[in-house]
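Structure at a glance
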Amino acid sequence: MKHPERAVLLALCCVPSLAAAQSASDADWEALFGPQPESSKPASREPESGSSSSSPESAESDPGSDNSTSSNEEAAATEASPQEAPVIPVATLREPEAEPPVAPRRRAALEEIVVTAQKKAESLQDTPISLAAFDEEKLEIGGIQGLADLSGNVPSLAIEPFPTSNATLRFYIRGIGVIDAQVTQDPAIGVYLDGVYIARSSGNALDIADLQRVEVLRGPQGTLYGRNTTGGAINLVTKAPSVEGVQFTQKFSVGNRNYAQSKTSLNYPFSDEFAAKISLIGSQKDGFVENTGPGSDFGDRKVLGSRVDFRWLPTEQLSFDYSFEDSTTTYVNYMYQAVLTPEGNKGSAEIFKRYGESQSVYSSRRLKSLASGAPMEDSTTDISGHTFKATYGFDNHELKYIAAYRELSDASYADLSGGAGSTSYRLDTHAYDGPASDFAYGGPTPLWIPTTTQSQWSHELQLTGSLFDDSVSYITGAFYFTEEAREDRHVPQHQFSTAVSPDQTADLVSALNDLGLLPIDALLPRLVNFTALDNSIANDALALFGQATWTPELLDQRMHFTFGFRHSEDQREAVKFRTSETFVEYNLNGQGAAVPLSSAEEFQHVKASRKFSDNSISFIAEFDATDTINTYAKYVEAYKSGGFNTRDPQVSGESGEATDGNDYGYGYAEGFDPEHVKSYELGIKTELLDRRLRLNADVFLTDYDDMQINFLIIGTVNDTKTRNAGNARLYGFEIDANWLATDDLLLNASYAYLDAEILEVIDTFGADVTNQYQFSSAPPHSYTVSGDWTALRGDDWQLNAHLGYNYVGKRLGGAKAGQPVQLDPYGIVNARLGVDGLRLGSGALSVALWGKNLLDEDYAINAIDNLPHADRAVIWGEPRTFGMDVTYRYGN
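Residues numbered from 1 in each chain as written. Predicted model: local features only at pLDDT ≥ 70, side-chain atom pairs only at ≥ 80, totals over all residues. Heavy atoms only, no water.

So, about the sheet that holds strand β5 (residues 165-173). Here three strands make up an open sheet; going across it, the order is β4-β5-β6 and the pairing antiparallel. Of all strands in the sheet, those with a lone pairing partner are β4 (157-162) and β6 (176-177), marking the two edges. Taken together, the two bridges between β5 and β6 define a ladder with antiparallel strand orientation. If you follow I173 over to β6, its bridge partner there is I176. (Pairing = 2+ DSSP bridges. Helix = DSSP H or I, 4+ residues; strand = E, 2+ residues; numbered from the N terminus.)

What follows is the structure, encoded as structure tokens:
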């Protein structure tokens, strides 16, 4: 274990604390944590309605307040002004003898959902954005602990693993995303953790300790969130410390495939002004595909994470927050399972594709086992981050500063071989010992696990408030971001090695003999490739932004007009180093020998630099038809930064042919330009039937210009070309419905329709190749339906049942039309049955049984067609999983 001290800390915090908490009286808690502070401050630090001196962080993440829902009775009796952020009262300190933290209650109306999608706390119903929000209850029911768990839970959102790293996720919202995950190319979906932008896709399949809320913003968010949100944004919000009392949560989970998890959260107020919170998470789970070859089993995963938060409230107007998080994920990548034999053109791999076929396993169903030839190695992701926030409220204004520093290291080992355990056909970076390595390097090449490292600084200054008797509300600010990253594979490493089919051996030897490379009596020819990579970036981004909403004295102030603007500047630099050599090994008179066959164009620390700028605007018109029916029309612009393609085999437009023999006229050094989107949207948000029915809907049209198209060079595994070659149009609609059918039965449904069409693609040679390209990961239909039923109630407990069905329609796995990487539709059934609110000492106990993919559906979540031995190879989604959660809460 890389950090044994974390395991000790986890054990010390989880098990003894739970045992103590279960029998805790006031004296017990004082013995464990010291005397509980007297609450001499007012019950709430939130200002009265209309004042902006409260901190949005307090509203969005203070565990002392019910910040994701207000009480049902209060929601039914009280209606907030359409443009006022709802006041979220802070609960008074509760003595341990009082009612349990989780008390059964009947629903009188749908609970209000508070979000911070517009960087302020406001009701979801007052937010003119199509978004899906998951509060703590929904996260618990859905088993959502991080970004990867959102897959299938949000129509319009598609999530896929990157082919060579299951810890790297590719996101698509409304069909817009990026199929590659290079450090020199930015994603199209912005991911934010507690308001901090996470720039890289590497390692983002992490579990987050003490996750409180997730918001998925559908559609471009160019003015408030800035660059790289052309598809949308995802907000992850964790709990902040509370000065209102001791709070403790301990959750243990177990399940099939040796699943075990412990999550601990302890909040302790040292005074009325200062509180701290520690959160720990540790888990392990076996994969669902056994490796019958050497090394680790595919899909095995272990997580150990910790988070420490501090909050200081020196005055009523001033607050300081600091957090530190650290996590280590050890995982084993899944191996792609071959489905179709290699009948397509494999380019330079044609000479050995049939041999690869003979060394591979094929099936159209999910196999329970595959075999690696070289030992399968563990991969590791380490992430740490610091965040500091300072908030000062004065009059009707608030000034906020957010600073953050994050570090990432993702060492990912992948094996793309055929799954039959062959040692003579390998696609991996493990050690290689043979005549080729002796000839080139004087000995065997070492095991090399490709590693991506990144560090980033970000600073954001925000000023929010209201003017002119609250008829104008505004947010304005400045943002600065800088990062450095590196893809480090600078040691020459084995990429592939293969024999040749017997029926092709004579032709190969004869052809190489004609070139003077191989004697005519050479035996057992083999091809071996060694590659070294070392790519690095240094990026800077600066932005100024503002958004203002005007509510004129018209129609009883039911009209609202919002205008937003953002100016962005980007400076991007990259350095590429790459060497690639292919050798022919052969046997002559009983002795092994090797000769170089080819050498790809070398990149000897080639530098590239580009600057970009952009101005994006947004305009929103809202009309409150009634107090519970809100409509909006909006126009939004956004852009994704340009960059460089490190997989481009050409240095520049002057360097000659690419690996397929074509000269495309441009290469890595020229880079590519930004891409832009313009989105038009009409939406309605309603609460009907005395707030028992919530029906939200929108229809949108997106124009997509200067598309950055990554396309694979035929005959290669990962050589690609990128250029701004396309224009597209996407349109569709989304519907979200929640119906409180009875006081004990809540029904939910969400549906998304998407029509995504690429209108024009002109290649380097001026040819119209539009019919060759389509949107990947853009299912026309996707939906979720679920029901939550309180089946039984006792004095202090209730029995709750959840049943859900998630459907994802047919979509492509790649951008090239005609590829056999279409992903079939699938539907997943999930269920949960739990008893909540059982009194245990001074706290409450919950016990739940859960199951995911109960029908054990076979479904592919990613498909590729560029392996030499397969026209189609897939990674499967999770099979049936089931388990039990036991959770103890005190003071929550």
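Our focus in this paragraph is the pairing of strand β37 (residues 826-840). Each regular strand carries side chains that alternate between the two faces of the sheet. Judged from the eleven bridges that link them, strand β34 (residues 798-808) and β37 form a sheet pairing that is antiparallel. Among the inter-strand pairings, L799 is bridged to a residue of β37, identified as V835. Counted along the chain from β37 to the antiparallel partner strand β38 (residues 843-852), the turn is two residues long, and its residue G841 has a positive phi close to 60 degrees.

By the definition in use, this model includes 30 aromatic pairs. Plain terms: the ring middles of F274 and F310 are 6.0 Å apart, the flat faces sit at 20 degrees to each other, and that makes the pair stacked. Here F310 lies in strand β15 (residues 301-312) and F274 lies in strand β13 (residues 274-285), a separation of 36 residues in the sequence. Its relative accessible area of 31% is what places F310 among the partly exposed residues. Between Y441 and F530, the aromatic rings sit 5.4 Å apart at their centres with planes inclined by 85 degrees, giving edge-to-face as the arrangement. With a gap of 89 residues between them, Y441 in helix α7 (residues 435-441) and F530 in strand β24 (residues 523-550) connect regions that are remote in the sequence. Taken together, Y192, Y197, Y225, F479 and F481 form an aromatic cluster joined through their ring pairs. The cationic tip of K119 hangs over the ring face of Y225; the distance from NZ or CZ to the ring centre is 5.3 Å. Above the plane of the ring of F700 lies R174, whose end atom (NZ or CZ) is 3.9 Å from the centre. (Phe/Tyr/Trp six-rings, centres within 6.5 Å; stacked < 30°, edge-to-face > 60°. Buried < 20%, exposed > 50% of the residue type's maximum accessible area, 1.4 Å probe, protein only. Lys NZ or Arg CZ within 6 Å of the ring centre and 35° of its normal.)

Time to look at the pairing of β34. In this structure, strand β33 (residues 781-793) lies alongside β34, joined through eleven bridges in antiparallel fashion. Its bridge partner lying in β34, L792 is registered against L799. Between β33 and β34, which follow one another and run antiparallel, lie four residues.

Taking 1.5 Å per residue as the helical rise, helix α8 (residues 502-514) with its 13 residues ought to reach 18 Å, and the 19 Å between its terminal C-alpha atoms agrees with that figure. Buried within α8 are the following residues: Q504, T505, L508, V509 and L512. The buried side chains of α8 occupy one side of the element, clustering within an arc of 140 degrees when seen end-on. Exposed residues pointing more than 90 degrees away from the buried face of α8 are listed as D503, A506, D507 and D514. On its buried side, α8 packs onto α6 (353-358), β24, β25 (559-588) and β26 (591-599). Phi turns positive, to about 75 degrees, at G516, one or two residues after α8. (Expected span 1.5 Å × (residues − 1). Arc of directions from axis to C-beta. Contact = heavy atoms within 4.5 Å.)

The next point concerns the environment of D321. By the element assignment, D321 lies in strand β16 (residues 318-331). Residue classification places D321 among the buried positions, given a relative accessible area of 10%. Measuring from C-alpha to C-alpha, the distance between D321 and R311 comes to 4.6 Å, with ten residues separating the pair along the chain. Contact partners of D321, with chain neighbours within four places excluded, come to F310, R311, T387, F388 and K389. There is a polar contact of 2.7 Å between the side chain of D321 and the side chain of R311. (Polar contact = N/O pair within 3.5 Å; in protein donor to acceptor, adjacent residues only side chain to side chain.)

This part takes up unusual backbone geometry. Not every positive phi belongs to a glycine, and K119 is a case in point at roughly 60 degrees. Assignment of secondary structure puts K119 in the loop between β1 (114-115) and β2 (122-123). Not every positive phi belongs to a glycine, and D470 is a case in point at roughly 65 degrees. Within the secondary structure layout, D470 lies in the loop between β22 (451-467) and β23 (472-499). The exposure class of D470 is partly exposed, given its relative accessible area of 44%.

This part is about the sheet that holds strand β10 (residues 232-238). Taking strand neighbours across the sheet as the criterion, the five strands line up as β3-β9-β10-β7-β8 in an open arrangement whose pairing is mixed. Of all strands in the sheet, those bounded by a partner on one side alone are β3 (130-134) and β8 (196-198). When strand polarity is set aside, the average angle formed by the axes of neighbouring strands in this sheet is 20 degrees. Relative to strand β9 (residues 211-218), β3 is paired through five bridges, and the arrangement is antiparallel. Across the sheet, residue F134 finds its bridge partner in β9, namely V214. (Axes fitted to C-alpha atoms, helices over the stretch in contact; angles between N-to-C directions.)

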